[in-house]
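The residues making up each chain are set out below.
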Amino acid sequence: MPKAYWVTAYRSISDPDKLAAYARLAPPAIAPFGGRYLARGTAAAAYEAGVKERIVISEFPSVEKAVAAHDSPAYQGALAALGDGAVRDLRIVEGLD
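Only a predicted model underlies this, so the values are computations on that prediction, with no experimental measurement involved.

S.K.: So what exactly am I meant to see when it comes to the sheet that holds strand E4 (residues 86-94) here?
M.R.: In sheet architecture, strand pairing relies on hydrogen bonds along the backbone and comes in two forms, parallel and antiparallel. Strand order in the open sheet formed by four strands is E2-E3-E1-E4, with antiparallel pairing between adjacent strands. Every interior strand has two partners, whereas the edge strands, strand E2 (36-42) and E4, have only one. Adjacent strand axes in the sheet meet at a mean angle of 15° when their direction is disregarded. Across six bridges, strand E1 (residues 4-13) lies against strand E3 (residues 54-60) in antiparallel orientation. Residue pairing in the sheet places alanine 4 in a bridge with phenylalanine 60 of E3.

In structure tokens:
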């Protein structure tokens with residue numbers, strides 16, 4: 001079964017305190033689903049239509065686990081803490097292997 005990846009691009013961050021609250025709650029929310037962070041931070045370089053924005057890439061054992069993590073009460077609580085503190089684009093993509 002191929003792994004799955006969350007790719008989250010932050011378009012803007014308007015409240016760093018809300019982002020910090022989310023950052024405390026999200027890791028323990030995704031861990032039970034096998035989620036782990038592969039990369040977090042501002043892009044080192046941006047090409048084509050890219051923007052040097054904050055990006056987060058997380059790995060999961062499967063698409064099903066990634067979706068379950070996102071929809072879990074714990075992760076939804078993390079999202080509630082973030083609220084309107086950031087505008088993000090989160091996508092779940094299946095790995096090739």
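S.K.: Even after reading the chapter, I still don't get the packing of helix H2 (residues 63-71) against helix H3 (residues 73-82), so can you show me in this structure?
M.R.: If you want to describe how two helices pack, look at the angle between their axes and the distance between the axes. Relative orientation of the contacting elements H2 and H3 amounts to 55°, with a least axis distance of 5 Å. Relative to H3, the element H2 is oriented oblique. Counted together, Ala69, His70 and Asp71 of H2 and Pro73, Tyr75, Gln76 and Leu79 of H3 form the full contact between these two elements. Its residues assigned to classes, the contact of H2 with H3 shows four nonpolar, two polar and one charged.

S.K.: Sorry, what's going on with the nonpolar core here?
M.R.: If you look at soluble globular proteins, the nonpolar side chains tend to sit buried side by side. Of all hydrophobic cores here, the largest spans 16 residues; its most connected members are Trp6, Tyr10, Tyr22, Ile30, Phe60 and Tyr75. Elements that contribute at least two residues to this core include exactly E1, helix H1 (16-30), E3, H2 and H3. Other than its neighbours up to four places away in sequence, isoleucine 30 contacts Trp6, Gly35, Arg36, Tyr37, Phe60, Ala69 and Tyr75.

S.K.: Sorry if this is basic, but what is going on with the pattern of salt bridges here?
M.R.: Should the charged atoms of two oppositely charged side chains come close, the side chains can pair. Under the defined criterion, the tally for this structure stands at six salt bridges. With a closest N to O distance of 3.1 Å, aspartate 89 and arginine 11 form a salt bridge. A residue pair is termed long-range when its members are at least 10 positions apart, and aspartate 89 in strand E4 and arginine 11 in strand E1 qualify at 78 residues. Under the relative-accessibility criterion, aspartate 89 is labelled buried at 19%. Between arginine 36 and glutamate 59 there is a salt bridge whose closest N-O contact spans 2.9 Å. Pair noted here: arginine 36 is in strand E2 and glutamate 59 is in strand E3, with a separation of 23 residues, a long-range link. When its relative accessible area of 9% is taken as the criterion, glutamate 59 is described as buried. What emerges from the salt-bridge pattern is a single network uniting Arg11, Glu53, Asp89 and Arg91.

The rules behind these values
- Residues numbered from 1 in each chain as written.
- Predicted model: local features only at pLDDT ≥ 70, side-chain atom pairs only at ≥ 80, totals over all residues.
- Heavy atoms only, no water.
- Pairing = 2+ DSSP bridges.
- Helix = DSSP H or I, 4+ residues; strand = E, 2+ residues; numbered from the N terminus.
- Axes fitted to C-alpha atoms, helices over the stretch in contact; angles between N-to-C directions.
- Parallel < 35°, antiparallel > 145°, perpendicular 65-115°, else oblique.
- Contact = heavy atoms within 4.5 Å.
- Nonpolar A, V, L, I, M, F, W, Y, C, P; charged D, E, K, R; others polar.
- Core = buried A, V, L, I, M, F, W, Y, C linked by side-chain atoms within 4.5 Å.
- Buried < 20%, exposed > 50% of the residue type's maximum accessible area, 1.4 Å probe, protein only.
- Salt bridge = Lys/Arg side-chain N within 4 Å of Asp/Glu carboxyl O.

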